[in-house]
Amino acid sequence: MKHNFGAGPCILPKEVFQEASQAVIEFNNTGLSILEISHRSKEFEQVVVEAEALVRELLNVPADYSVLFLQGGASQQFAMVPMNLLPEGGKAAYLDTGVWATKAAKEASKLGHVEIVASSSDKNYTYIPKDYSVPSDAAYFHFTSNNTIYGTEVFERPNVGIPVVSDMSSDIFSRVIDVSEYDLIYAGAQKNMGPAGVTLVIIKNELLGKSGRTIPAIFDYQAHAKAGSMYNTPPVYSIYVSMLNLRWLKAKGGVSVIEQENIVKARTLYEEIDRNTLFKGTADKDDRSRMNITFVMENPEQEAAFLELAKERGLVGIKGHRSVGGFRASVYNALTISSINALVDAMREFEENTVK
Ligand SMILES: *Cc1c(COP(=O)(O)O)cnc(C)c1O
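Here is what the cut-offs are and how they apply
Residues numbered from 1 in each chain as written. Predicted model: local features only at pLDDT ≥ 70, side-chain atom pairs only at ≥ 80, totals over all residues. Heavy atoms only, no water. Pairing = 2+ DSSP bridges. Helix = DSSP H or I, 4+ residues; strand = E, 2+ residues; numbered from the N terminus. Axes fitted to C-alpha atoms, helices over the stretch in contact; angles between N-to-C directions. Contact = heavy atoms within 4.5 Å. UniProt positions renumbered as here; feature names shortened; annotations may be inferred. Phe/Tyr/Trp six-rings, centres within 6.5 Å; stacked < 30°, edge-to-face > 60°. Buried < 20%, exposed > 50% of the residue type's maximum accessible area, 1.4 Å probe, protein only. Lys NZ or Arg CZ within 6 Å of the ring centre and 35° of its normal. Arc of directions from axis to C-beta. Near = heavy atom within 4 Å. Polar contact = N/O pair within 3.5 Å; in protein donor to acceptor, adjacent residues only side chain to side chain. Areas by Shrake-Rupley, 256 points an atom, 1.4 Å probe, with all protein chains shown as cover. Nonpolar A, V, L, I, M, F, W, Y, C, P; charged D, E, K, R; others polar. Domains from an automatic or database assignment. Buried area = accessible area lost by both parts, 1.4 Å probe. Salt bridge = Lys/Arg side-chain N within 4 Å of Asp/Glu carboxyl O.

With mixed pairing, seven strands are arranged side by side in an open sheet as β2-β10-β9-β8-β5-β3-β4. Looking at which strands have only one partner, the edges of the open sheet turn out to be β2 (65–70) and β4 (113–119). Strand-to-strand twist of the sheet, defined as the mean angle between neighbouring strand axes without regard to direction, takes the value 15°. Here four bridges tie strand β5 (residues 141–144) to strand β8 (residues 164–167), and the two strands are oriented parallel to one another. Each bridged residue has a counterpart across the sheet, and for Phe 143 the counterpart in β8 is Ser 166. Of the strands in this sheet, β2 and β10 (199–204) are in contact with helix α2 (residues 42–59), which crosses β2 at around 130°.

On the UniProt side, "binding site: L-glutamate" (unreviewed entry) is annotated at positions that read Arg 40 here. In this structure, Arg 40 sits in the loop between α1 (14–25) and α2. Beyond its immediate chain neighbours, meaning those up to four positions away, Arg 40 contacts Glu 45, Met 230 and Tyr 231.

To continue, consider the packing of aromatic side chains. All chains considered together, the criterion is met by 15 aromatic pairs. Aromatic side chains Phe 306 and Phe 350 sit 5.4 Å apart centroid to centroid with 80° between the ring planes, which places their arrangement in the edge-to-face category. Highlighted residues: Phe 306 in helix α8 (residues 303–312) and Phe 350 in helix α9 (residues 337–354), separated in sequence by 44 residues. Per residue, the accessibility class of Phe 306 equals that of Phe 350, and both read buried. Over the ring of Tyr 127 we find Lys 123, and its NZ or CZ is 5.8 Å from the ring centre.

Let us now look at the UniProt feature "modified residue: N6-(pyridoxal phosphate)lysine" (unreviewed entry) in the protein. When the UniProt feature table is mapped to this numbering, "modified residue: N6-(pyridoxal phosphate)lysine" (unreviewed entry) covers Lys 191. Following the sequence through the fold, Lys 191 ends up in the loop between β9 (184–188) and β10. Look at Lys 191 and you get buried, because its relative accessible area is 11%. In contact with Lys 191, not counting residues within four places along its chain, are Ala 7, Gly 8, Cys 10, Thr 148, Ser 169, Ser 170 and Tyr 332.

Moving on, we come to helix α4 (residues 99–109). If you check which residues of α4 are buried, you get Ala 101, Ala 104, Ala 105 and Ala 108. One side of α4 carries all its buried residues, which in axial view fall inside an arc of 95°.

This next bit is on the environment of Thr 152. Mapping Thr 152 onto the fold places it in strand β7 (residues 152–153). Taking C-alpha positions, Thr 152 is 4.8 Å from Arg 288, a pair spaced 136 residues apart along the chain. Dropping the residues within four chain positions of it, Thr 152 is found in contact with Tyr 125, Thr 126, Tyr 127, Ile 128, Ser 145, Asn 146, Asn 147, Ala 283, Asp 287 and Ser 289.

With that settled, the discussion passes to the site of the ligand. The ligand sits among 13 residues. The nearest are Ser 75, Thr 148, Asp 167, Gln 190 and Lys 191. One nitrogen or oxygen atom from the side chain of Asp 167 is found 2.6 Å from a nitrogen atom belonging to the ligand. Burial of the ligand by the surrounding chains reaches 87%, relative to a free accessible area of 390 Å². Counting residues per element, the shell around the ligand draws most heavily on helix α3 (residues 73–85), which supplies four residues. Here the shell around the ligand is composed, by residue class, of three nonpolar, eight polar and two charged.

Looking down a regular strand, the side chains alternate between one sheet face and the other. Here β5 shows no split at all, with Phe 141 and Phe 143 on one side and His 142 and Thr 144 on the other all buried. As paired elements, strand β3 (residues 91–96) and β5 share two bridges and run parallel to each other. Residue pairing in the sheet places Ala 93 in a bridge with Phe 141 of β5.

Quick look at the domain arrangement of the protein now. Entries for the protein in the domain assignment read domain 1 (14–252) and domain 2 (254–354). With 27 residues of domain 1 in contact, the opposing surface of domain 2 contributes 26 residues. Here domain 1 packs against domain 2, burying approximately 2,200 Å² in sum over the two surfaces, 53% of which is carbon and sulfur. For the interface between domain 1 and domain 2, the tally reads two salt bridges. Put simply, Lys 130 and Asp 287 hold a salt bridge, and the shortest N to O gap is 2.9 Å. Where domain 1 touches domain 2, the interface holds 17 residue pairs in polar contact (both at pLDDT 80 or more). Looking at the side of domain 1 that touches domain 2, the elements that each hand over two or more residues are α2, β7 and α6 (236–252).

In this section: the pattern of salt bridges. What the rule picks out here adds up to 22 salt bridges. Here Arg 175 and Asp 171 are joined by a salt bridge, their closest N and O atoms 2.9 Å apart. There is no split in this pair, since Arg 175 and Asp 171 are both buried. Here the residues in one salt-bridge network are Glu 272, Arg 275, Arg 348 and Glu 351, joined through shared partners.

Spelled out as structure tokens, the structure:
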């Protein structure tokens, strides 16, 4: 058995894989595979309707927001956000908390003026900047709620007084959020919602079609909203598998239940990182992510040996991102506490065999 700590695409529940694989053979007694049915068929329309309803229910999305299933990943949203929200000659404010935030700001800077209100690049993004002010004339404020690479997370929406846009790719559905505090939320599915290939966008309707720019329809939120995420052929299978995963989450009791599990999972691993004399966390304690747990060894020369032990134990995907080094355990919703315990056991064993 493997314990998949991969950062994305990520672990999904076994039941979801089973049902998803069944639908490849035959979907819903149609005599057809999910891979060959028309996206306009009533069977698939029901999938989109249910997926949207589950997003709305699980996140308590207010009625005056649209829920869209798009393509191009979170990276396409880096460009779509300014295309749709930043008027010609306008200004946008970005919080720089890592590679993804930087990329988002860079795309916006191609379409207007970007003000970086604060950055934690001085300490390799190991913390979330707290004291900054946001220009009141900016069209929107953008921040990354969970920094997948550095293992930092913003648990409270910054109070900035202008429309707020958040990249929640790696912590959406992991904790309770108040969607009404945001104007636009986006997330590539492959971190916590489903497989790669679909991107969730939740946008306040009053922002649709408001930038004053002429933008290609395929990049226009309004075109996708009007078409109910069927402006063109949607990523049928990715939406279907995401829907199965959201059903699983609902059956578990929803986001507030998974949040409690995620708190326990993260605490268990951080406690071992802090206790174990060989390991140390890389992120500031106050800003530690519950989804991506980054840590290194006091003696980096031992890291290869620990990775070897991890491999023997079936612990997959814990090598840290090259810009941080060491290890990163991504502990998304479907990862169980038993996988956390397997990692903690390996860390303990490594310590016992190392320190005499
Ligand atoms: C993975 C990730 C991205 C990039 O997502 P793609 O879907 O590959 O474009 C962007 N932002 C965050 C926070 C991520 O974790």
